[in-house]
Amino acid sequence: MSVNIGLPFRLSRSVLSTIPPPIPRAYAWGEAYIPSPGRPLLDMSQGLPGSPPPDILLEALAKTSSSPLSSGYCHILGESKLRSTFAQETKTVYGHNADVTAEDIAITSGCNMAFIATVMCLADAGDEVILPVPWYFNHHMSLNLLSIKSVPLYTRSDSGFLPSPQECKRLITSKTKAIALVTPNNPTGAIYSPALIAEFAELARQNNIALIVDETYRDFVEHYPPHNLFSPQSELSHQSWSWRSNFIHLFSFSKSYAIPGHRVGLVAASPELLQHVTTTLDCLQICAPRPPQLALADPSLLSEIRVSILKNAKDLKARHEIFRNSLPSGWTIGSQGGYFAFVKHPFANMTSLEFCQRLAQELGVLVLPAQFFCDEQDEIQRRALGLSEDGWDRWIRFSVANVDDVKVLEVCERLKECQAHFG
């Protein structure tokens, strides 16, 4: 049994002012639920792949993990063969005109590492980064740890939680260093169109700031390419613009390739910026894990895995449809796509924070409340700006990817019980 004796030294103010990880908090709610064989805990909280990696990838990982060659360090920016292979893979996703080379790519220990290593190169303490709200909490947490201010760009349910470039423009100051977007969005599932992304890129160009786009869920969109910024024929009005001047692309191998535990991510950016990312990565990770890098560096393997990715995307789209059609009356979907659906519960006298805790503890369904994806003072700030909307504190994130089709139906059946249980 551990004993809390207190620490004789002062902790970092940045750490103390940063929220603790939300996922363990939600899991603690689930631990209070008493499951039975017929009523297990149903987890739609964390964004996890609902299917295992394809066998061909598991076999490649087993081979590279057992090789002595994978035990040492590699280049700070990653295995050169993987960087070259994934530059070619970018053309598969964004079109054959995509202008991305191996020199534009850095391999990181997950996409969160990609974000923090990049932001450390862009901003100092006291600078600002604009984040659409609801925001991905790890982005906000990372900025806070660096004493960089997260400037909220509020979105609304009546616009499908899509951020407004016009509203964003009003937030830009001399301290603004970047706009950071996530599409398909975490937590809302909103999918930003190529035209909307191009508008933000133009805004970044006009103001000489960076546009960071986290595209972790890019393979789960219906339209291809997800955007055209990598193409010389992009939608930007300033035709001499090169994506390398302002655009920074982040990607995670966790979702598309179903290997979140192997921690592999990616930054695509100007080689000039990657010179400085090399410095931050050397201090944060030295290099990303080698076995998955070596496994994924085979172009023929990526081509075969692409078939699995497309199947998983199709299955997930069908699962979203099941979820949408099975929700009880009174529940409202604000946006849906990628891994997530953002849904408003119907109980006006209960915030989503209280509701999600009770839902986990009493009915065995684990989901995340909107309060995990915004500042504690969010509603006060919204009112001050005239952006408040009724029921903002009742939105919930459902991770539709976490579970199979049968469990989606089981979750919706338990949601039907809420009226009698909480009403």
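Residues numbered from 1 in each chain as written. Predicted model: local features only at pLDDT ≥ 70, side-chain atom pairs only at ≥ 80, totals over all residues. Heavy atoms only, no water.

So the rule is basically this: UniProt positions are given in the numbering used here, feature names are shortened, and annotations may be inferred rather than shown by experiment.
In the annotation of an unreviewed UniProt entry, the entry for the protein chain reads Aminotransferase class I/classII large domain-containing protein, and the organism field reads Paxillus involutus ATCC 200175. UniProt annotates the protein chain under Cofactor (unreviewed entry) with the comment "pyridoxal 5'-phosphate". One UniProt comment on the protein chain, placed under Sequence similarities (unreviewed entry), says "Belongs to the class-I pyridoxal-phosphate-dependent aminotransferase family."

So, the overall build of the protein chain
The following threshold applies: Under the scheme used here, helices are H or I runs from DSSP no shorter than 4 residues and strands are E runs no shorter than 2 residues, and both carry numbers assigned from the N terminus. Relative accessibility under 20% of the residue-type maximum defines a buried residue, over 50% an exposed one, and the middle range a partly exposed one, all with a 1.4 Å probe and only protein chains included. Contacts are residue-level and defined by heavy atoms, with any inter-residue pair within 4.5 Å sufficient. In these tables, accessible area is a Shrake-Rupley quantity obtained with a 1.4 Å probe, and a residue counts as shielded only by the protein chains included in the view. Positive charges come from Lys and Arg, negative ones from Asp and Glu, while His and the chain ends are left out of the count. The atom standing in for a charge is NZ when the residue is Lys, CZ when it is Arg, CG when it is Asp and CD when it is Glu.
Counting secondary structure elements, the protein chain contains 16 helices and 13 strands. Summarising its shape, the C-alpha atoms of the protein chain cover approximately 60 × 55 × 50 Å along the three principal directions. Classification of the 423 residues of the protein chain by burial places 55% in the buried group. The long-range share in the protein chain, meaning contacts at least 24 apart out of those at least 6 apart in sequence, stands at 77%. On the protein chain, roughly 18,400 Å² of surface is accessible, and the fraction owed to carbon and sulfur atoms is 54%. Positive and negative charge centroids in the protein chain, built from 35 and 41 side chains respectively, lie 2 Å apart.

Looking at the sheet that holds strand β10 (residues 340–344)
Note the threshold: Strand pairing is defined by DSSP finding a minimum of two bridges between the two strands.
Read from one edge of the open sheet, 4 strands run β9-β10-β13-β12, paired in antiparallel fashion. Edge positions in the sheet fall to β9 (332–337) and β12 (368–369), since each has one partner strand and no second. By the bridge criterion, 2 bridges tie β12 to strand β13 (residues 395–399) in an arrangement that is antiparallel. Bridging from a neighbouring strand, Leu368 pairs with Arg397 of β13.

Observations concerning helix α16 (residues 405–422)
What counts here: Multiplying 1.5 Å by the residue count of a helix minus one yields the expected span of that helix. Fitting one axis to the seven residues ending at a residue and another to the seven starting there, the bend at that residue is the angle between the two axes. Two N or O atoms count as a polar contact when they lie within 3.5 Å, although within protein this holds only if one can serve as hydrogen donor and the other as acceptor, and sequence-adjacent residues are included solely when both atoms are side-chain atoms.
With 18 residues, α16 extends 26 Å between its outermost C-alpha atoms, agreeing within 8% with the 26 Å of an ideal straight helix rising 1.5 Å per residue. The largest bend along α16 reaches roughly 25° and is located at Lys416. For α16, the complete set of buried residues consists of Val408, Val411, Cys412, Arg414, Leu415, Cys418 and Phe422. Its buried side turned inward, α16 meets β1 (42–43), α13 (299–326), α14 (352–363), β11 (365–366) and β13. The residue sitting at the N-terminus of α16 and contributing the capping side-chain oxygen is Asp404; that oxygen lies 3.2 Å from the backbone nitrogen of Val406.

Description of the domain arrangement of the protein chain
Keep this limit in mind: Where each domain starts and ends comes from a domain assignment, either automatic or drawn from a database. For any pair of parts, buried area is found by adding up, for both, the accessible area (1.4 Å probe) each one loses once the two are put together. Only one rule defines a salt bridge in this text: a Lys or Arg side-chain nitrogen within 4 Å of an Asp or Glu carboxyl oxygen. Side-chain classes follow a simple rule in which Ala, Val, Leu, Ile, Met, Phe, Trp, Tyr, Cys and Pro form the nonpolar group, Asp, Glu, Lys and Arg form the charged group, and the remainder, Gly included, forms the polar group.
Once the domains are mapped, the protein chain shows domain 1 (13–52 + 305–422) and domain 2 (72–298). One C-alpha centre belongs to domain 1, the other to domain 2; they are set 25 Å apart. At the junction of the two partners, domain 1 supplies 44 residues and domain 2 supplies 38 residues. Together domain 1 and domain 2 conceal approximately 3,300 Å² of surface at their shared face, both sides included; 63% is due to carbon and sulfur atoms. Among the ionic pairs, Arg306 bridges to Glu89, the shortest N-O distance being 2.6 Å. Looking at the side of domain 1 that touches domain 2, the elements that each hand over two or more residues are α1 (13–16), α2 (22–31), α13, β9, β10, α15 (378–384) and β13. For the side of domain 1 that touches domain 2, the element with the highest residue contribution is α13, accounting for 7 residues. Tallied by class, the residues present in the side of domain 1 that touches domain 2 amount to 24 nonpolar, 13 polar and 7 charged.

A short note on the sheet that holds strand β6 (residues 210–214)
Sheet strands associate in pairs through backbone hydrogen bonding, adopting either a parallel or an antiparallel arrangement. The line we're drawing: For every element, the axis is a line fit to its C-alpha atoms; helices are fit only across the contacting stretch, and the angle between N-to-C directions ranges from 0 to 180 degrees.
Reading across the sheet, the 7 strands line up as β2-β8-β7-β6-β5-β3-β4 and stay open at both edges, with mixed pairing between neighbours. Two strands in the sheet have a free side with no partner beyond their single neighbour: β2 (105–108) and β4 (149–154). Strand after strand, the sheet turns through a mean of 25° between neighbouring axes, direction not considered. As defined by bridge partners, β2 adjoins strand β8 (residues 265–268) across 4 bridges and the pair is classed as antiparallel. Each bridged residue has a counterpart across the sheet, and for Ile107 the counterpart in β8 is Leu266. Sitting on the sheet, helix α6 (residues 137–145) touches β3 (128–133), β4, β5 (176–182) and β6, and the angle it makes with β3 is about 160°. Of the strands in this sheet, β2, β7 (247–252) and β8 are in contact with helix α11 (residues 271–284), which crosses β2 at around 15°.

What to know about the side chain of His320
Inspection of the secondary structure assignment puts His320 in helix α13. Apart from residues lying up to four places away in sequence, His320 is in contact with Gln336, Gly337, Gly338, Tyr339, Phe340, Ala341 and Val400.

Considerations on the nonpolar core
The criterion, for reference: For the purposes of this section, nonpolar cores are sets of buried Ala, Val, Leu, Ile, Met, Phe, Trp, Tyr and Cys residues that join through side-chain atoms within 4.5 Å.
Ranked by size, the top nonpolar core spans 50 residues in total, and within it Ile179, Phe200, Leu211, Phe253, Tyr257 and Leu296 carry the most contacts. The element best represented in this core is helix α8 (residues 194–207), accounting for 6 residues. Not counting the four nearest positions on each side in its chain, Ile179 is found in contact with Ile130, Cys168, Phe200, Leu203, Ile209, Ala210, Leu211 and Ile212. Counting 42 residues, the second largest nonpolar core, distinct from the first, contains Met44, Ala341, Cys356 and Val408.

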